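# Descriptive structure summary
Listed below are the residues making up each chain.
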Amino acid sequence: MADEHRRKRYREWAKSPFGTMPFPEECRGMTCGAKTRKGTPCKLTSLYGSGRCKLHGGMSTGAKTPEGKARQLEGYRRWQEKRRQTTSKTE
Ligand SMILES: [Zn+2]
């Protein structure tokens, strides 16, 4: 796949310290290309280092370690607790 090759070049460029590698000409105007819910390729060109846009792999997908997940859950519980307090006041 020519597109896979392009994405690989893009990732290599994104991984390298800024300025050490010239931007690959073939990657100019490269689109995200991820399959959308409509089944059409994503046309966003603002890509992250992963070679995908913010909707398709640019952002964090959440905690991966058990500690991270516990931390996330704790924050959620705290938020829930806070919400319960504020809603009970308004009633
Ligand atoms: Zn996308």
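Residues numbered from 1 in each chain as written. Predicted model: local features only at pLDDT ≥ 70, side-chain atom pairs only at ≥ 80, totals over all residues.

Let's shift gears to the overall build of the chain. When you go through the chain residue by residue, the secondary structure sums to three helices and zero strands. Its helices and strands in sequence order give the chain the pattern α-α-α, from N to C terminus. A compact globule built from 91 residues should have a C-alpha radius of gyration of about 12 Å, whereas the chain, at 20 Å, is more than 25% larger. In terms of overall dimensions, the chain has a C-alpha envelope of 60 × 35 × 20 Å along the principal axes. The buried share of the chain, taken over its 91 residues, is 7%. In the chain, 19% of the contacts between residues at least 6 apart in sequence involve partners at least 24 apart. (Helix = DSSP H or I, 4+ residues; strand = E, 2+ residues; numbered from the N terminus. Rg over C-alpha atoms; globule rule 2.2 N^0.38 Å. Buried ≥ 20, exposed ≤ 12 C-beta atoms within 10 Å, placed from the backbone. Contact = placed C-beta atoms within 7 Å.)

In this model, the chain carries a mean pLDDT of 87, and residues with pLDDT of at least 70 account for 91%. Per-residue pLDDT, averaged within each element of the chain, yields its smallest value for helix α2 (residues 54-58) (83) and its largest for helix α1 (residues 2-15) (89). (pLDDT = per-residue confidence, 0-100.)

Attention now moves to the environment of Arg7. Residue position: Arg7 is located in helix α1. What makes Arg7 partly exposed here is the crowd of 19 C-beta atoms within 10 Å. Along the sequence, Arg7 and Gly51 sit 44 residues apart, while their C-alpha atoms lie 5.8 Å from each other.

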